[in-house]
Amino acid sequence: MEVQWNDDLAIGIGIIDDQHKKLVERFAGFSRAVDEGDMRRLEETVNYLVGYAIQHFGAEELIMIRNCYDQFDQHRDEHSWFIKKVFGVYCLLAKNAPFSPEEAGELRDMLYNWIVDHIMVKDKRIAVTLNSFGGPLHAEAKRP
Ligand SMILES: [Fe+2]
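Residues numbered from 1 in each chain as written. Predicted model: local features only at pLDDT ≥ 70, side-chain atom pairs only at ≥ 80, totals over all residues.

1. Notes on the overall build of the protein chain
Next, step 1: Each helix and strand counted, the protein chain has four helices and zero strands in total.
Next, step 2: Taking 144 residues into account, the globule formula puts the C-alpha radius of gyration at 15 Å, and the protein chain, at 16 Å, falls close to it.
Next, step 3: For the protein chain, the C-alpha atoms occupy an extent of roughly 50 × 30 × 20 Å along the three principal directions.
Next, step 4: Considering the protein chain as a whole, with its 144 residues, one finds that 19% of them fall into the buried category.
Next, step 5: A separation threshold of at least 6 residues defines the contact pool for the protein chain, and within that pool the share at least 24 residues apart is 70%. (Helix = DSSP H or I, 4+ residues; strand = E, 2+ residues; numbered from the N terminus. Rg over C-alpha atoms; globule rule 2.2 N^0.38 Å. Buried ≥ 20, exposed ≤ 12 C-beta atoms within 10 Å, placed from the backbone. Contact = placed C-beta atoms within 7 Å.)

2. Examining the environment of Ile115
Next, step 1: You can see Ile115 is positioned in helix 4 (residues 101-132).
Next, step 2: Between the C-alpha atoms of Ile115 and Arg66, which are 49 residues apart in sequence, the distance is 24 Å.
Next, step 3: The residues touching Ile115, leaving out its near neighbours within four places in the chain, are Val3, Leu23, Val24 and Phe27.

3. Observations regarding the environment of Leu93
Next, step 1: Along the chain, Leu93 falls in helix 3 (residues 72-94).
Next, step 2: Under the C-beta neighbour-count criterion, Leu93 is labelled partly exposed, with 15 such atoms within 10 Å.
Next, step 3: In the structure, Leu93 is positioned 46 residues away from Asn47 in sequence and 9.7 Å away in space, judged by C-alpha atoms.
Next, step 4: Discounting residues that sit within four places of it in the chain, Leu93 has contacts with Glu43, Val46 and Phe99.

4. Examining the packing of helix 2 (residues 39-66) against helix 3
A packed helix pair is summarised by two numbers, namely the angle formed by the two axes and the spacing between the axes.
Next, step 1: Direction vectors running N to C along helix 2 and helix 3 enclose 165°, while the axes themselves pass 10 Å from each other. Regarding the angle of helix 2 to helix 3, the classification is roughly antiparallel. In this structure, helix 2 crosses over helix 3, and the sense of that crossing is left-handed. Contacts between helix 2 and helix 3 pair Glu43, Val46, Leu49, Val50, Ala53, Phe57, Glu61, Met64 and Ile65 from the former with Phe72, His75, Arg76, His79, Phe82, Ile83, Val86, Val89, Tyr90 and Leu93 from the latter.
Next, step 2: Of the residues assigned to the contact of helix 2 with helix 3, the class counts are 14 nonpolar, two polar and three charged. (Axes fitted to C-alpha atoms, helices over the stretch in contact; angles between N-to-C directions. Parallel < 35°, antiparallel > 145°, perpendicular 65-115°, else oblique. Left-handed = near helix turned anticlockwise from the far one by under 90°. Nonpolar A, V, L, I, M, F, W, Y, C, P; charged D, E, K, R; others polar.)

5. Regarding the packing of helix 1 (residues 14-36) against helix 2
Next, step 1: The contact between helix 1 and helix 2 brings their axes to 10 Å, and the two run at 160°. On the basis of their axis angle, the class for helix 1 and helix 2 is roughly antiparallel. The handedness of the crossing between helix 1 and helix 2 comes out as left-handed. Judged by residue contacts, Ile15, Ile16, Gln19, Leu23, Arg26, Gly29, Phe30, Ala33 and Val34 of helix 1 engage Arg41, Leu42, Thr45, Tyr48, Tyr52, His56, Ala59 and Glu60 from helix 2.
Next, step 2: Grouping the constituent residues of the contact of helix 1 with helix 2 by class yields ten nonpolar, four polar and three charged.

6. Focus: unusual backbone geometry
Next, step 1: Phi angles above zero are rare outside glycine, and Cys68 is one such case at about 50°.
Next, step 2: Non-glycine residue Asn96 carries a positive phi angle of around 55°.
Next, step 3: With respect to the secondary-structure elements, Asn96 resides in the loop between helix 3 and helix 4.
Next, step 4: Take Asn96: there are 7 C-beta atoms within 10 Å of it, and that puts it in the exposed class.

The structure is reproduced here in structure tokens:
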């Protein structure tokens, strides 16, 4: 299961694209770790995802708020769902609870779907909407 960074993934907001690129790179390593049953790498990725989710979603949500984005609530619900999933896996691993190859595969599927659905569709909609306000996009305030 592979995803390569490409133009379809870029939404056109630099700070967000840079963070998405890092997630895609991490996914490649994570996918290999799942194939190889490399639990250490898997744990490293989950550690990364916890920090990524909080920082990256915070950046996206700030952009949505400052631009009075019309689908902020729904979008934030998806972020919360992602955080809950990653939080659950993080706590399992932190407690050295059993974590099966099947569960690792499910996490990989979840990340893959996140990249191709949330990023390519939902995140892209933010940029398209902000663009329709006119002018260059900024991570800072850009109101309609
Ligand atoms: Fe998002």
